[in-house]
Amino acid sequence: MRESMRIGILGSGLMGGKLGTLFARAGHEVVFSYARSDAKLKRLAREAKGKASAGTPADAARASDLLLLAVHWSRVDDVLQQAGDLSGKIVVSCSLPMNADDTGLVIAHTSSGAEALAQKVPGARVVSAFNTVPSEVLFGVYAARRKATKPSLIYCGDDAGSKKTAAKLIKDIGFDPVDGGPLRIARYTEPLALLIAQLAYERPGGPELAYRFERFRKE
Ligand SMILES: NC(=O)c1ccc[n+]([C@@H]2O[C@H](COP(=O)([O-])OP(=O)(O)OC[C@H]3O[C@@H](n4cnc5c(N)ncnc54)[C@H](OP(=O)(O)O)[C@@H]3O)[C@@H](O)[C@H]2O)c1
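Read on for an overview of the structure. (Residues numbered from 1 in each chain as written. Predicted model: local features only at pLDDT ≥ 70, side-chain atom pairs only at ≥ 80, totals over all residues. Heavy atoms only, no water.)

**Topic: the overall build of the protein chain**
Then, number 1: Along the backbone of the protein chain there are 9 helices and 8 strands.
Then, number 2: On C-alpha atoms alone, the protein chain measures out to a radius of gyration of 16 Å, which is about the 17 Å that the 2.2 N^0.38 rule sets for 219 residues.
Then, number 3: Principal-axis analysis of the C-alpha atoms gives the protein chain an extent of 50 × 40 × 35 Å.
Then, number 4: In the protein chain, once contacts between residues fewer than 6 apart in sequence are set aside, the share between residues at least 24 apart is 71%. (Helix = DSSP H or I, 4+ residues; strand = E, 2+ residues; numbered from the N terminus. Rg over C-alpha atoms; globule rule 2.2 N^0.38 Å. Contact = heavy atoms within 4.5 Å.)

Here is the structure:
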């Protein structure tokens, strides 16, 4: 596994913008793609304060060791089509299979967004990660990354090599990676992500209150 990776960001909104920025600050080379304006992608690249550039989804895919998929479920087909052939690529997805008005999951119980994604890109190696964390806490976790206790972050996937790479990335930005098992475990982590969002945005206390997902110390 390479220490410094080339990472393509497919979807440069709240999650893609922040995660891409943190990946760049952690020493990876990042290409931001897929926003409604090129100016936004260029601004993200400028402000990432690392090795970062702006490009098309095809640019992001071409040179990357790993792709982060961070678009609304309704945009997945479009961004994948623009990205082109992803055979052999590691695709880490934080995208949840939400309906158009973001009130519920369109895939649940007997499958998951992650598994549906794996069927859309059969040659790619899909890992589900980052969707259980509100974007608002990402910079805070990164700033505290040298502390002994780190918040846990569950990831899952079927390919051992891509999971190892995803775990390194999770560690690089300040979380303690927890291997949840095969990709079908996303059937549980995706509803958990909704619970966390519910606590974060609809209960008093905000994202920090929702994200008390910390390692327990042994007494
Ligand atoms: N936000 C969170 O805290 C959070 C937490 C867990 C999981 N998730 C999941 O992560 C995924 C991304 O969420 P997000 O909050 O980052 O979404 P977002 O802020 O809406 O970002 C999505 C990106 O897609 C771009 N986009 C949308 N329509 C487009 C179009 N027609 N052409 C080109 N680009 C287009 C947006 O462009 P603009 O930048 O120009 O708007 C944005 O960069 C979702 O599946 C969500 O369920 C989010």
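What follows picks up the thread again.
**Some details on the site of the ligand**
Then, number 1: Of all residues adjacent to the ligand, which total 20 residues, the nearest are Leu14, Met15, Arg36, Lys40 and Val71.
Then, number 2: Between the ligand and Arg36, the relevant distance is 2.8 Å, taken from an oxygen atom to a main-chain nitrogen or oxygen of the residue.
Then, number 3: Take Ser135: an N or O atom from its main chain is 2.9 Å from an oxygen atom of the ligand.
Then, number 4: Alone, the ligand offers 890 Å² of accessible surface; in the complex the protein occludes 77% of this.
Then, number 5: When atoms are counted within 2 Å of each cavity's grid points, the one that captures over half of the ligand is the largest pocket.
Then, number 6: In terms of residue class, the shell around the ligand is built from 11 nonpolar, 6 polar and 3 charged. (Near = heavy atom within 4 Å. Polar contact = N/O pair within 3.5 Å; in protein donor to acceptor, adjacent residues only side chain to side chain. Areas by Shrake-Rupley, 256 points an atom, 1.4 Å probe, with all protein chains shown as cover. 1 Å grid on protein atoms, 1.4 Å probe; cavity = no way out; pocket = protein on both sides within 12 Å on 5 of 7 lines; lining within 4 Å. Sits in = over half its atoms within 2 Å of the grid points. Nonpolar A, V, L, I, M, F, W, Y, C, P; charged D, E, K, R; others polar.)

**Observations regarding the sheet that holds strand β5 (residues 90–93)**
Then, number 1: Spatial ordering of the open sheet is given by β3-β2-β1-β4-β5-β6-β7-β8, a layout of 8 strands whose pairing is mixed. Two strands in the sheet have a free side with no partner beyond their single neighbour: β3 (52–54) and β8 (176–179). Each neighbouring strand pair of the sheet contributes to a mean axis angle of 25 degrees, computed without reference to strand direction.
Then, number 2: Packing of helix α5 (residues 113–120) onto the sheet brings it into contact with β4 (66–69), β5 and β6 (125–128), and relative to β6 it is tilted by some 165 degrees. (Pairing = 2+ DSSP bridges. Axes fitted to C-alpha atoms, helices over the stretch in contact; angles between N-to-C directions.)

**Details of the nonpolar core**
Then, number 1: Phe23, Val92 and Phe130 are the most contacted members of the largest nonpolar core, which totals 36 residues.
Then, number 2: In terms of residue count, helix α1 (residues 14–25) provides more of this core than any other element does, 5 residues in total.
Then, number 3: Not counting residues up to four positions away in its chain, the partners in contact with Phe23 are Ile7, Ile9, His28, Val30, Leu68, Phe130, Leu169 and Ile173.
Then, number 4: Grouped together as the second largest cluster of nonpolar side chains are 26 residues, Tyr34, Trp73, Ile107 and Ile185 included. (Core = buried A, V, L, I, M, F, W, Y, C linked by side-chain atoms within 4.5 Å. Buried < 20%, exposed > 50% of the residue type's maximum accessible area, 1.4 Å probe, protein only.)

**Quick word on the packing of aromatic side chains**
Then, number 1: Tallying each qualifying case throughout the model produces 1 aromatic pair.
Then, number 2: When the centroid spacing of 6.0 Å and the interplanar angle of 55 degrees are considered together, the rings of Phe23 and Phe130 count as tilted. Here the residue Phe23 occupies a position in helix α1, and Phe130 occupies one in the loop between β6 and α6 (138–143), the gap between them amounting to 107 residues. The residues Phe23 and Phe130 share a single accessibility class, namely buried.
Then, number 3: Between Arg145 and the ring centre of Tyr142, over which it is positioned, the NZ or CZ distance is 4.0 Å. (Phe/Tyr/Trp six-rings, centres within 6.5 Å; stacked < 30°, edge-to-face > 60°. Lys NZ or Arg CZ within 6 Å of the ring centre and 35° of its normal.)

**Things to note about α1**
Then, number 1: Between its first and last C-alpha, α1 extends 17 Å over 12 residues, near the 16 Å set by a 1.5 Å rise per residue.
Then, number 2: Counting buried positions along α1 gives 9 out of 12 residues, so the element sits mostly inside the fold.
Then, number 3: Among the residues making up α1, those that are buried are Met15, Gly16, Gly17, Leu19, Gly20, Thr21, Leu22, Phe23 and Ala24.
Then, number 4: Two residues or fewer after α1 comes Gly27, characterised by a positive phi angle close to 105 degrees. (Expected span 1.5 Å × (residues − 1).)

**Focus on the side chain of Lys150**
Then, number 1: Secondary-structure assignment places Lys150 in the loop between α6 and β7 (152–157).
Then, number 2: Lacking a salt bridge, the buried Lys150 has Asp176 as its closest oppositely charged neighbour, with an N-O distance of 8.1 Å.
Then, number 3: At 2.7 Å, the side chain of Lys150 forms a polar contact with the backbone oxygen of Lys147. (Lys, Arg positive; Asp, Glu negative; His and termini not counted. Salt bridge = Lys/Arg side-chain N within 4 Å of Asp/Glu carboxyl O.)

**Notes on helix α2 (residues 38–47)**
Then, number 1: Buried within α2 are the following residues: Leu41, Leu44 and Ala45. Taken end-on, α2 shows its buried residues confined to a sector of 100 degrees, consistent with a single buried face. Residues of α2 that are exposed and point over 90 degrees away from its buried face: Ala39 and Arg46.
Then, number 2: Tucked inside the fold, the buried residues of α2 contact α1, β2 (29–33) and β3.
Then, number 3: Phi turns positive, to about 55 degrees, at Lys49, one or two residues after α2. (Arc of directions from axis to C-beta.)

These results come straight from atomic positions and should not be treated as a statement about function.
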